[in-house]
There are 4 protein chains.
Amino acid sequence: MQLIITKDYETMSQMALTHVQAHMYTGDNRRVNLSITAGKTPERLYQLLTEEYKGNPCFKHVHFYNFDEIPREGEETGVTMNDLIRMFFDPAEVPGELIHVLDTKNWKDYDKKLKEDGGLDMLIMGLGTDGHFCGNLAGTVEHFGMETRMVTKEKYPISYFERETSPDHYVTFGPKTVMNARHLIMIINGSHKAEIAKKALFGPVTPEVPASVFQLHPNYTVIMDEEAASLLDY
Amino acid sequence: MQLIITKDYETMSQMALTHVQAHMYTGDNRRVNLSITAGKTPERLYQLLTEEYKGNPCFKHVHFYNFDEIPREGEETGVTMNDLIRMFFDPAEVPGELIHVLDTKNWKDYDKKLKEDGGLDMLIMGLGTDGHFCGNLAGTVEHFGMETRMVTKEKYPISYFERETSPDHYVTFGPKTVMNARHLIMIINGSHKAEIAKKALFGPVTPEVPASVFQLHPNYTVIMDEEAASLLDY
Amino acid sequence: MQLIITKDYETMSQMALTHVQAHMYTGDNRRVNLSITAGKTPERLYQLLTEEYKGNPCFKHVHFYNFDEIPREGEETGVTMNDLIRMFFDPAEVPGELIHVLDTKNWKDYDKKLKEDGGLDMLIMGLGTDGHFCGNLAGTVEHFGMETRMVTKEKYPISYFERETSPDHYVTFGPKTVMNARHLIMIINGSHKAEIAKKALFGPVTPEVPASVFQLHPNYTVIMDEEAASLLDY
Amino acid sequence: MQLIITKDYETMSQMALTHVQAHMYTGDNRRVNLSITAGKTPERLYQLLTEEYKGNPCFKHVHFYNFDEIPREGEETGVTMNDLIRMFFDPAEVPGELIHVLDTKNWKDYDKKLKEDGGLDMLIMGLGTDGHFCGNLAGTVEHFGMETRMVTKEKYPISYFERETSPDHYVTFGPKTVMNARHLIMIINGSHKAEIAKKALFGPVTPEVPASVFQLHPNYTVIMDEEAASLLDY
């Protein structure tokens, strides 16, 4: 694990940009598969990345994958893809053939698809206050060997989806899917994340704190601001 | 996980040699850190490796680490190091400065030492019939976040050490120590390993089958003979 | 440059196999592009590789490229591809979609194609007694920046093609095409290669000894038998 | 070659920083060897890098090497090291044990030292208006196989050293030394570099334009501003 503490949200976002760019500017056309996150944490990252990406001819070999999806009633795109389109794919003008959609229709074969596509080179994600990553809410991870799966209402803590009507089900990469990516980047900001950050980064590795599993990954980068890092002894 | 099924023990050993060589012939002098296994499984591998290594000037940058050690009463070297010296270090004439000893005196700082040495590039190990790797016997792994540790008599299943007087204690890399290596290679042979191989490679990821954790590693190679693979649907 | 001296032709071929395998067993499905040589030197290598390849499910992501071609009157395949089919593609049952043909019809766009395919991961070649590699005969290299090109009768030393009727023209990767591969492997055997090996490996870097340019490559492996190495001070 | 065109000097410097950081934030402690440039072009890069480096605990494994040196009469440090100390090592508080000095006393064994240190992971340099890199002025490169060497007054074009009294001699990595680094980065800015940039990047590979040799490198990144790129057809 490499721990990078930055002054604030802005410098965290810039440092995340630097790490994402390192995967995108490879100097050759070897295919690169990146799995990226929606949510609030990466908003500034996507603004910076959009400036970099738009009109830049260097990225034709860089493919993007969403790692979870919550369907929206009567809409074709789910919550995650909708966010990614709004924050990044649309303003950056990412060509459609570089965007790989995970949704409630294709999730069953997704681990196989990822393997056939050459595996993920990098996955960037945030940390939930319950220790979740992607859609692996605390309480929904039976063991770390779970792959891409559908989680139904009975399984997840109803309190989680405050912002919107609680969905009947959603799909998400499992812990095994994520761990099999070659490089994991986690971005964390804000004092309300300090306690769970301490647990996830330095506590026991247990399905109760899903993100604790990344302590086992041989190439794991954590970029967090000082507030989120305030409880760490590093 | 890459699964390589070979005809028999001899071809398994040759394939293991090929993978170990891939780490040793790097073409430059960048330091390479390899952690290697004792026990019965790698005997033929070490014969082949010794032929390759002895007198070969290409390997001055290749460092070796043992990953567990069982002390022997009244002896300076433990069971593991004694085996490695007999099977490989002595016949291959590996220079002492390339051999890094883990023992009951220095285990507490060993994860820190590994990090300071640049981390492990590769670790090759066998699989126990109880699903163990290194000294992580089934029943001794509380959670996968354990690092290098001492295991005392009260903790491990006494039945395990049939070959020798049961030791009071031994030291071993923990699951986290091993998972943090950049490449894991497991070699398995014989029909008596078929059942546990199936569990470890395709069963649930659980501390009860310690080696199941490697399903989560992004760079994991399994080399096994047909007998060991006989129960797999691959 | 990494220099590996082996006892004889058989051990040279086995060592070459080891290095080729290191590129093929990548443990994931990331596309791998290998450019391989025809001629006499690799005959035994292809026997060994065929044993390894045939029926092995691990290599669906490994693509092959020939690096030169001499057309044959009234035949669809040229000398090089014909050799590769006979020595490797046919006996190993390499699927057609993994074989990328360079010929006198498509050479003009070949450097562009290589780039679009993600670049070459490895190129393995022999050394001519005149210092040539691929079809870059001594006397045909004006400067090292040359890419894939056609060489016509007026340009090459007529004496070279003893074995067959001298062709009107042939096509070949240029020095720049080869140097842009990520890993170069050269195999050399026999005392008749000793003098040119010394020049190519340790003499001045000059278009007069085309293979001398590889001294400049950051990842260059030379595997040679003792006879070929007999004039080296290594 | 990967070509990255940026708007201006400031964005060129930021892009260079991103690429240098990609080598420094490796997430483990594996030794990283970087060779860095003095001169005017990287001034802003060093300001940005200093901000990043100072007090940051992530870089204990990152070693720095100067690649040329011009001795100064009666001074212990030469022109290059003096510049690097002033622009980067001092303000960033780089520990002395991470700084490897090339000077007129130790140049003879420097290629050997680089190899023993594990080779250079990255070298960043500027481009001279005569096509030079490091101290390889046009007219001083007999062939691209030259290693680290001393250049004396008789050999170099006296007109070059306008800024200071012409030195009797200086030392520099040769083309081979530089080409053997795993990643090359060149930064170029300003309209006065447009003509030579075109030659170096797309012209014939010839010792008369020393930097043209990098067209042969498998991992070469060029970061240039629009003015320097104004004559390119890209």
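Residues numbered from 1 in each chain as written. Chains lettered and ligands numbered in written order. Predicted model: local features only at pLDDT ≥ 70, side-chain atom pairs only at ≥ 80, totals over all residues. Heavy atoms only, no water.

An unreviewed UniProt entry lists chain A under the name 6-phosphogluconolactonase/Glucosamine-6-phosphate isomerase/deaminase, with Lacrimispora sphenoides JCM 1415 as the source organism.

Peer 1: For this particular structure, what's the right way to read the overall build of chain A?
Peer 2: When helices and strands are tallied, chain A shows six helices and ten strands. Against the globule reference of 17 Å for 234 residues, chain A gives a C-alpha radius of gyration of 17 Å, in line with a compact fold. Taking all 234 residues of chain A together, 63% fall into the buried category. Across chain A, every contact between residues at least 6 apart in sequence was considered, and the portion connecting residues at least 24 apart equals 77%. Carbon and sulfur atoms provide 48% of the accessible area of chain A, an area that totals close to 9600 Å². Across chain A, 23 positive and 34 negative side-chain charges occur, with their mean positions spaced 3 Å apart. (Helix = DSSP H or I, 4+ residues; strand = E, 2+ residues; numbered from the N terminus. Rg over C-alpha atoms; globule rule 2.2 N^0.38 Å. Buried < 20%, exposed > 50% of the residue type's maximum accessible area, 1.4 Å probe, protein only. Contact = heavy atoms within 4.5 Å. Areas by Shrake-Rupley, 256 points an atom, 1.4 Å probe, with all protein chains shown as cover. Lys, Arg positive; Asp, Glu negative; His and termini not counted. Charge placed at Lys NZ, Arg CZ, Asp CG, Glu CD.)

Peer 1: Could you clarify how one ought to interpret the sheet that holds strand β1 (residues 2–6) of chain D in this entry?
Peer 2: The strands making up a sheet associate through hydrogen bonds between their backbones, and the pairing can be parallel or antiparallel. Residue and element names in this part refer to chain D. Spatial ordering of the open sheet is given by β1-β10-β9-β6-β2-β3-β5, a layout of seven strands whose pairing is parallel. Either end of the sheet is taken by a strand with one partner, and the two such strands are β1 and β5 (99–100). Sheet analysis places strand β2 (residues 32–36) next to strand β3 (residues 62–66), joined by five bridges and oriented parallel. The residue of β3 that forms the bridge with N33 is H63. In this fold helix α1 (residues 9–24) packs onto β1, β2, β3, β6 (122–126), β9 (184–188) and β10 (220–225), with an angle of close to 155° to the strand it touches most, β10. (Pairing = 2+ DSSP bridges. Axes fitted to C-alpha atoms, helices over the stretch in contact; angles between N-to-C directions.)

Peer 1: Help me understand the environment of A138 of chain B in this model?
Peer 2: Residues and elements named next belong to chain B. Mapped onto the elements of the fold, A138 is located in the loop between β6 (122–126) and β7 (149–152). A sequence separation of 79 residues divides A138 from H217, and the C-alpha atoms of the two residues are 19 Å apart. Each residue touching A138, except ones within four places of it in the same chain, is listed here: D130, H132, P157, E208 and P210.

Peer 1: Sorry if this is basic, but what is going on with the relation of the copies chain A and chain B here?
Peer 2: Superposing the two chain copies requires a rotation about an axis and a translation along that axis. Rotating chain A by 180° about the axis while translating it 0.0 Å along that axis superimposes it on chain B, leaving an RMSD of 0.0 Å. Both copies are brought into coincidence by an operation consistent with a two-fold rotation axis. Residue H217 of chain A, judged by its C-alpha, is the member of chain A lying nearest the rotation axis, at 3.4 Å. Taken together, the interface assignments show that 100% of the residues at the interface of chain A recur at the interface of chain B, consistent with an identical surface on both copies. (Least-squares fit on C-alpha atoms with pLDDT ≥ 70 in both.)

Peer 1: Even after reading the chapter, I still don't get the interface of chain C and chain B, so can you show me in this structure?
Peer 2: Interfaces are often described in size by the accessible area the parts lose on coming together. Taken together, the contact between chain C and chain B spans 15 residues of the former and 15 residues of the latter. Of the roughly 1200 Å² buried at the junction of chain C and chain B (both faces included), carbon and sulfur atoms supply 55%. For chain C, the biggest contributors to the area lost against chain B are Q2, Y25 and G27 of chain C; these three give 40% of the whole. Counting every contact that joins chain C to chain B gives zero salt bridges. Scanning the region where chain C abuts chain B turns up two residue pairs in polar contact (both at pLDDT 80 or more). Listed by contribution, the elements that provide at least two residues to the side of chain C that touches chain B are β1 (2–6) and α1 (9–24) of chain C. With five residues, α1 of chain C is the single largest residue contributor to the side of chain C that touches chain B. (Buried area = accessible area lost by both parts, 1.4 Å probe. Salt bridge = Lys/Arg side-chain N within 4 Å of Asp/Glu carboxyl O. Polar contact = N/O pair within 3.5 Å; in protein donor to acceptor, adjacent residues only side chain to side chain.)

Peer 1: Got a minute to help me understand the interface of chain A and chain B in this structure?
Peer 2: Counting from both sides, the interface comprises 17 residues of chain A and, opposite them, 17 residues of chain B. Contact between chain A and chain B buries roughly 1300 Å² in total, counting both sides, with carbon and sulfur atoms accounting for 59%. At the surface where chain A touches chain B, the tally comes to zero salt bridges. At the junction of chain A and chain B, the tally comes to six residue pairs in polar contact (both at pLDDT 80 or more). Taken together, the residues that form the side of chain A that touches chain B break down as nine nonpolar, five polar and three charged. (Nonpolar A, V, L, I, M, F, W, Y, C, P; charged D, E, K, R; others polar.)

Peer 1: How should I be thinking about the pattern of salt bridges in this particular structure?
Peer 2: Note that side chains of opposite charge can pair when their charged atoms are close. Residue and element names in this part refer to chain A. If you walk through the whole model with that rule in mind, you get 44 salt bridges over all chains. Among the ionic pairs, E10 bridges to R44, the shortest N-O distance being 2.8 Å. With E10 in helix α1 (residues 9–24) and R44 in helix α2 (residues 43–53), the pair connects residues that are 34 residues apart, well separated along the chain. A salt bridge links D121 to R182, with the shortest nitrogen-to-oxygen separation between them at 2.8 Å. Within this pair, whereas D121 is found in the loop between α4 (110–116) and β6 (122–126), its partner R182 is found in the loop between α5 (175–179) and β9 (184–188), the two being separated by 61 residues in sequence.

Peer 1: What am I meant to see in the relation of the copies chain C and chain B here?
Peer 2: For the pair chain C and chain B, the relating rotation is 180°, the translation along its axis is 0.0 Å, and the fit reaches an RMSD of 0.0 Å. When the interface residues of chain C are mapped onto chain B, 100% of them are again interface residues, pointing to one common binding face.

Peer 1: Any chance you could explain the nonpolar core here in plain terms?
Peer 2: Taken as a class, soluble globular proteins show a tendency for nonpolar side chains to be buried jointly. In terms of nonpolar packing, the biggest core is built from 79 residues, with F214 and M224 of chain C together with F214 and M224 of chain D touching the most fellow members. Each residue touching F214 of chain C, except ones within four places of it in the same chain, is listed here: M125, F133, V178, M179, L184, M186 and Y220 of chain C. Grouped together as the second largest cluster of nonpolar side chains are 78 residues, Y110 and L216 of chain A together with L3 and L123 of chain B included. (Core = buried A, V, L, I, M, F, W, Y, C linked by side-chain atoms within 4.5 Å.)

Peer 1: Explain the side chain of H23 of chain C here, please?
Peer 2: All names here are of chain C. As for its placement among the helices and strands, H23 is situated in helix α1. Side-chain polar atoms of H23 contact the side chain of H183, separated by 2.8 Å. When residues no more than four places from it in sequence are discounted, the contact partners of H23 are V32, L34, D121, M122 and H183.

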